[in-house]
Amino acid sequence: MESTRSKLIHVLSINDGNFISGQEISDLLQISRSAIWKHMKELEKDGYVIEAKRNKGYRIIKSPSKVSENTVQWGLETNWLGKSILHKETINSTQLLAHQLAMDNAPHGTVVIADEQTAGKGRLQREWYSKKNKGIWMSIILRPTILPYLAPQLTLLTATVLADVMKKELELDPKIKWPNDIILHDRKVSGILTEMQAEQDQIQYIVIGIGMNVNHDDGEIPDDIQSKATSLMIESGKEWDITKLIQRIFVAFEKSYAEYINHGFSIIKKRWESYGYRLGEKVQLKTFQSVQDAILTGIAEDGALLAKYDDGVIHKIYSGEIDWFGIRH
Ligand code: BTN
């Protein structure tokens with residue numbers, strides 16, 4: 001259910017800078033004048049500057065740039081994604097809170113966002129470094145009606161969404177390193193962690209965790225990952241508005257998700273392959289079973305990586321890693 005606050009934000013944002021009367025808001029949202037006043041006070045706490053004039057109503061003079069439930073919902077053009085947002089300044093991991101909310105029946109499209117994570121989780125039990133106000137650290141709850149074995153497709157979908165936003169809106173040249181690392185100039189800028197609660201033939205929920213390094217400068221990337229990690233700012237020389245980036249990701253995600261649900265995985269697969277890192281090249285592939293040279297030929301319908309080993313046979317890889325050392329010159 002969309003909250004009254006997010007409806008109010010919608011009404012104010014479409015009237016951007018112009019007065020809207022208390023009566024009009026009250027009619028639109030079916031709430032009392034005093035309830036409106038209380039909501040306005042909450043918005044002010046978030047840094048909005050609101051002018052209230054007798055006979056004219058309310059208008060917003062200034063919106064804050066910091067990330068909050070309200071700023072992300074401000075002007076957000078989505079139908080279901082981000083209609084319910086929980087924002088925390090600091091948290092252990094947005095994944096953990098998202099799981100709790102999902103178990104408490106949080107709806108499809110609920111998002112947890114944090115300014116900082118003290119125990120950010122990466123894939124394969126790794127840590128995910130999440131410096132305060134420097135990146136996007138968020139978890140999206142989904143309740144897709146697909147079979148559990150197809151869930152990896154949603155990770156690949158998410159990777160294409162992030163790559164699309166970077167390419168089409170930020171004019172960068174991202175690649176996707178299987179399964180889900182977004183790479184700029186051979187260094188990782190973003191990663192995705194998908195976790196799910198499911199039975200044999202039904203998904204209860206999926207939590208898609210997205211980490212993106214945005215405004216770190218060189219000195220803000222920890223030494224031990226310096227050679228492998230980067231940020232949008234390091235690559236573009238520009239500082240980015242994190243709130244706006246989150247909104248762009250939500251809009252692109254919703255569009256891509258609808259395509260996937262309505263038309264299946266093939267469009268996403270093609271798009272993923274168009275961004276595929278080192279596709280057609282020989283790399284070193286590390287799986288639980290072996291470390292071998294392989295040529296990456298693409299991805300399969302079920303999201304597996306297709307790799308041709310020296311025996312000439314194309315293998316489907318479900319879990320493993322393309323070794324960084326095998327691909328660096
Ligand atoms: C990876 O590349 O290893 C995945 C990184 C995923 C990091 C994100 S940040 C938001 C969410 N919360 C977490 O603790 N992890 C994911």
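Residues numbered from 1 in each chain as written. Predicted model: local features only at pLDDT ≥ 70, side-chain atom pairs only at ≥ 80, totals over all residues. Heavy atoms only, no water.

(A) Expanded view of the domain arrangement of the protein chain. Taken domain by domain, the protein chain consists of domain 1 (4–62), domain 2 (69–275) and domain 3 (282–322). Taking the mean C-alpha position of each, domain 1 and domain 2 sit 31 Å from one another. Contact with domain 1, which involves 10 residues of that partner, is made by 6 residues of domain 2. Buried surface at the junction of domain 1 and domain 2, both sides included, amounts to about 750 Å², of which 59% is carbon and sulfur. It is S6, I9 and Y48 that lose the most area in domain 1 upon contact with domain 2, and together they represent 53% of the buried surface on that side. In this assembly, domain 1 and domain 2 are joined by 0 salt bridges. Our enumeration of links across domain 1 and domain 2 arrives at 4 residue pairs in polar contact (both at pLDDT 80 or more). Taken together, the residues of the side of domain 1 that touches domain 2 break down into 5 nonpolar, 2 polar and 3 charged. (Domains from an automatic or database assignment. Contact = heavy atoms within 4.5 Å. Buried area = accessible area lost by both parts, 1.4 Å probe. Salt bridge = Lys/Arg side-chain N within 4 Å of Asp/Glu carboxyl O. Polar contact = N/O pair within 3.5 Å; in protein donor to acceptor, adjacent residues only side chain to side chain. Nonpolar A, V, L, I, M, F, W, Y, C, P; charged D, E, K, R; others polar.)

(B) Just the side chain of S13, in detail. Considering the arrangement of structural elements, one finds S13 in helix α1 (residues 4–14). For S13, a relative accessible area of 12% translates into the label buried. The residues contacting S13, other than those within four sequence positions of it, are W74 and G75. (Helix = DSSP H or I, 4+ residues; strand = E, 2+ residues; numbered from the N terminus. Buried < 20%, exposed > 50% of the residue type's maximum accessible area, 1.4 Å probe, protein only.)

(C) Broad picture of the packing of helix α6 (residues 151–169) against helix α9 (residues 266–275). For the pair α6 and α9, interaxial distance at closest approach is 9 Å and the crossing angle is 55°. Here α6 is positioned oblique relative to α9, judged by the angle of their axes. Where α6 crosses over α9, the two elements pack in a sense that is left-handed. Contact residues: α6 offers L156, L157, A159, T160, A163, D164 and K167, while α9 offers I268, R271, W272 and Y275. Here the contact of α6 with α9 is built from residues that sort into 7 nonpolar, 1 polar and 3 charged. (Axes fitted to C-alpha atoms, helices over the stretch in contact; angles between N-to-C directions. Parallel < 35°, antiparallel > 145°, perpendicular 65-115°, else oblique. Left-handed = near helix turned anticlockwise from the far one by under 90°.)

(D) Seen up close, helix α2 (residues 22–29). Where α2 is concerned, the buried positions are G22, I25, S26 and L29. Take α2 and look down its axis: the buried residues cluster within an arc of 100°, on one side only. Where α2 is buried, its residues meet α1, α3 (33–45) and β2 (57–62). Immediately beyond the C-terminal end of α2, within one or two residues, lies Q30, with a positive phi of roughly 60°. (Arc of directions from axis to C-beta.)

(E) Up close: the pairing of β2. Relative to β2, strand β1 (residues 49–53) runs antiparallel, the two sharing 5 bridges. Counted as the bridge partner of A52 is Y58 from β2. (Pairing = 2+ DSSP bridges.)

(F) Inspection of the environment of I9 at higher detail. Inspection of the secondary structure puts I9 in helix α1. Once the C-alpha coordinates of I9 and L245 are considered, the two residues, 236 residues apart in sequence, prove to be 18 Å apart. Apart from the residues within four sequence positions on either side, I9 is in contact with L43, N70, Q73 and W74.

(G) Broad picture of the site of the ligand. Around the ligand sit 20 residues in total, of which S93, Q117, K121, R123 and K188 are the nearest. Separating a nitrogen atom of the ligand from a side-chain N or O atom of T94 is a distance of 3.0 Å. Within the backbone of K121, an N or O atom sits 2.6 Å from an oxygen atom of the ligand. Isolated, the ligand exposes 410 Å² of accessible area, and the fraction of that covered by the protein chains is 98%. Broken down by secondary-structure element, the contributors of at least two residues to the shell around the ligand are α5 (94–103), β5 (135–142), β8 (187–199) and β9 (202–213). Here the shell around the ligand gets 4 residues from one element, more than from any other, and that element is β8. (Near = heavy atom within 4 Å. Areas by Shrake-Rupley, 256 points an atom, 1.4 Å probe, with all protein chains shown as cover.)

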